Amino acid sequence: MSADTSAALRLRLPRPDWLSSAKVFRTEVLAGLVVALALIPEAISFSIIAGVDPAVGLFASFTMAVVISVVGGRSAMISAATGAIALVIAPLNHEYGLGHLIAAVILGGLMQIALGALGVAKLMRFVPRSVMVGFVNALAILIFLAQVPEFTDVPWAVYPLMLGGLALMVLFPKVTTVVPAPLVSIVILTVITVAAGIAVPTVGDKGDLPSALPTPGLPDVPFTVDTLTTIAPYALALALVGLMESLMTAKLVDDITDTHSNKTRESIGQGVANVVTGLFGGMGGCAMIGQTMINVKTAGARTRASTFLAGVFLLVLVVTLGPVVSTIPMAALVAVMILVSFATFDWHSVHPKTLKRMPVSETVVMTVTVAVVVATHNLAIGVITGVLTATVAFARRVAHLVDVTAVTDPDGTSVVYAVTGELFFASSNDLVYQFDYAGDPDDVVIDLTDAHIWDASSVAALDAVETKYTARGKKVTIIGLNQPSAAMHGKLAGQLADTH
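The rules we used
Residues numbered from 1 in each chain as written. Predicted model: local features only at pLDDT ≥ 70, side-chain atom pairs only at ≥ 80, totals over all residues. Heavy atoms only, no water. Helix = DSSP H or I, 4+ residues; strand = E, 2+ residues; numbered from the N terminus. Polar contact = N/O pair within 3.5 Å; in protein donor to acceptor, adjacent residues only side chain to side chain. Contact = heavy atoms within 4.5 Å. Pairing = 2+ DSSP bridges. Axes fitted to C-alpha atoms, helices over the stretch in contact; angles between N-to-C directions. Patch = residues over 30% accessible without salt bridge, like charges linked within 9 Å, V, L, I, M, F, W, Y side chains within 5 Å. Areas by Shrake-Rupley, 256 points an atom, 1.4 Å probe, with all protein chains shown as cover. Salt bridge = Lys/Arg side-chain N within 4 Å of Asp/Glu carboxyl O. Lys, Arg positive; Asp, Glu negative; His and termini not counted. Charge placed at Lys NZ, Arg CZ, Asp CG, Glu CD. Buried < 20%, exposed > 50% of the residue type's maximum accessible area, 1.4 Å probe, protein only. Parallel < 35°, antiparallel > 145°, perpendicular 65-115°, else oblique. Left-handed = near helix turned anticlockwise from the far one by under 90°. Nonpolar A, V, L, I, M, F, W, Y, C, P; charged D, E, K, R; others polar. Right-handed = clockwise from strand over helix to strand, strands pointing away. Phe/Tyr/Trp six-rings, centres within 6.5 Å; stacked < 30°, edge-to-face > 60°.

Another point: the side chain of Gln291. When you line up the elements, Gln291 lands in helix H11 (residues 289–298). From its side chain, Gln291 meets the backbone oxygen of Ala38 in a polar contact 3.3 Å long. In this view, Gln291 contacts Val35, Ala38, Leu39, Glu42, Ile78 and Met337; residues no more than four positions away in its chain are not counted.

Below, the structure is given as structure tokens:
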């Protein structure tokens, strides 16, 4: 290749954003290291929940992070083994074994690819802000609650270590931000406990770390219809829960970084990552909000490099530096997660002034979302419940926004009813009772210029009004329909009544 061609290629190929400056590169590398350290005890804990060997969760976190960093649609978001996925697949593993679990992960990934291609990400537009706020606040509460067992019934030394870790993370950024404060806290607390011989719970107490690299292969299950019908329900649950958490997390990171992500690509990417994870014997996963907050808010990462390096560092740490990593006190990692939960919670949303200004329905939706998530420990169930609550609240509010006013001509030969508002199943129920069928003149005009017909219920209500006037020998004329309303009314008018 000539020198001119090489120069042309260098000019044509854009430089990756993580190489834009030495500062950005350093930030991404250190953020990946901090996240990797925080992932280790989490992955081991989730492996225990799922009833599998710690290596299954650790390898899943490695493959999920590395693959999603390439194929995902949201930069700097961390995907790994999660508690939600562990809860979904745990019963399958307990009853049928690891082979069926791995098969379900692969099938769930294929389902996510299909759902992503079908545009499931577009459903995110129907998640109201109040549900999003509730989701974030519930997440912060769950992150904190997950740490409670780590400082319950433990040696007294855990408490000063944990408080010291929190103090370091709060005060160190005032000195310098070159190195992430969580990393400094983890290193210092580890050195103190090892040098002083302080006996406190460590990462090694969570389980044995693997000493070899994962190898790809197909799950050890019979490839039969019976196997498919067994794993399909779990695979579908994994796909839906994983997509819900990942898309909500992506939206949260969008807001924090003031950037846009490709939700469809993220949906398909999650599926690809789960398929690869399953082929490497991992337990599957999705976006991790706690670790993502460490990466984005605490460490300041913004590119795919931090996600990729988190996976790489995780593998290097557990395979080659397992004995060193095992000595990290859990108090150090608990302090990091407590700070993350505090930073994640939207304190403004519960400020008395905010609650006073906010419509009651919005506060109710947020509270319901938080309550359901905390009660079920399932973010997907909480979000769905919150969306349904918001839908009911919206329908009730809009149902009262339809107004009907009557103007009678001076000569008394006709009356014009002006209907204003959105006509749908909730608001059109009372429409029939807004007219004076007996007292009105023979010529009745219903003006829908400032209204919109949304469904068959509204057309049926207008049919009922016409029927009541016709029974009294009076003529009804409907005017002012916009194009969509006219199309729906023309198609359904007179066709909804029972003719049998």
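The four strands lie next to each other as E3-E4-E5-E6, forming an open sheet whose pairing is mixed. Pairing within the sheet leaves two strands with one partner each, and these edge strands are strand E3 (403–408) and strand E6 (475–479). Strand-to-strand, the axes of this sheet are offset by a mean angle of 20°, without reference to chain direction. Bridging between strand E5 (residues 443–453) and E6 involves five bridges; their strand directions are parallel. Within E6, the residue paired with Asp447 across the bridge is Ile479. Sheet strands touched by helix H19 (residues 483–492): E5 and E6. Its angle to E5, the strand with the most contacts, is close to 120°.

The grouping of Asp409, Asp411, Asp442 and Asp443 at the surface amounts to a negative patch. By the secondary structure assignment, Asp443 is in strand E5. Residue Asp443 is classed as partly exposed on the basis of its relative accessible area of 31%.

Right, let's get into the packing of helix H9 (residues 225–257) against H11. Put simply, H9 and H11 touch, their axes get as near as 11 Å, and they point 20° apart. Put simply, H9 runs roughly parallel to H11. The hand of the H9/H11 crossing is right-handed. Contact residues: H9 offers Thr249, Leu252, Val253, Ile256 and Thr257, while H11 offers Ile289, Thr292, Met293, Val296 and Lys297. Looking at the contact of H9 with H11 residue by residue, the classes come out as six nonpolar, three polar and one charged.

Attention now goes to the pairing of E5. On any regular strand, side chains alternate: one points to one face of the sheet, the next to the other face. The buried fraction of E5 amounts to eight of the 11 residues, a majority that puts the element mostly inside the structure. Note: strand E4 (residues 414–423) against E5, nine bridges, orientation parallel. When the bridges of E5 are listed, Val416 appears paired with Val445. This β-α-β element, E5 to helix H18 (residues 456–471) to E6, shows right-handed connectivity.

Let us now look at the environment of Val465. By secondary structure assignment, the location of Val465 is in helix H18. Classification of Val465 by relative accessible area gives buried; the value is 0%. Separated by 32 residues in the primary sequence, Val465 and Tyr433 place their C-alpha atoms 8.7 Å from one another. Residues in contact with Val465, not counting those within four places in the same chain, are Val432, Phe435, Tyr437 and Ile446.

This part covers the packing of aromatic side chains. Tallied over the entire structure, the rule returns eight aromatic pairs. Between Phe144 and Phe151, the ring centres sit 6.3 Å apart and the planes meet at 55°, which makes this aromatic pair tilted. The exposure class of Phe144 is partly exposed, given its relative accessible area of 35%. The class of Phe151 is buried, set by a relative accessible area of 18%.

Take the pattern of salt bridges next. Taken as a whole and assessed by the stated rule, the structure comprises three salt bridges. Of the charged contacts, one joins Asp254 and Arg74 as a salt bridge, the two residues approaching to 2.6 Å between their closest N and O atoms. Taken together, the positions of Asp254 in helix H9 and Arg74 in the loop between helix H3 (54–71) and strand E1 (79–80) put the pair 180 residues apart, joining distant regions of the chain. Judged by relative accessible area, Asp254 falls into the buried class, the value being 8%. For Arg74, a relative accessible area of 8% puts it in the buried group. Glu150 is the partner of Lys206 in a salt bridge, and the nearest nitrogen-oxygen pair spans 2.5 Å. Placement of the pair is Lys206 in the loop between helix H8 (181–196) and H9 and Glu150 in the loop between helix H6 (129–147) and helix H7 (158–175), with a sequence separation of 56 residues. Overall, Glu150 belongs to the buried group, its relative accessible area being 16%. Here the salt bridges share partners, and the residues they tie into one network are Arg74, Asp254 and Lys263.

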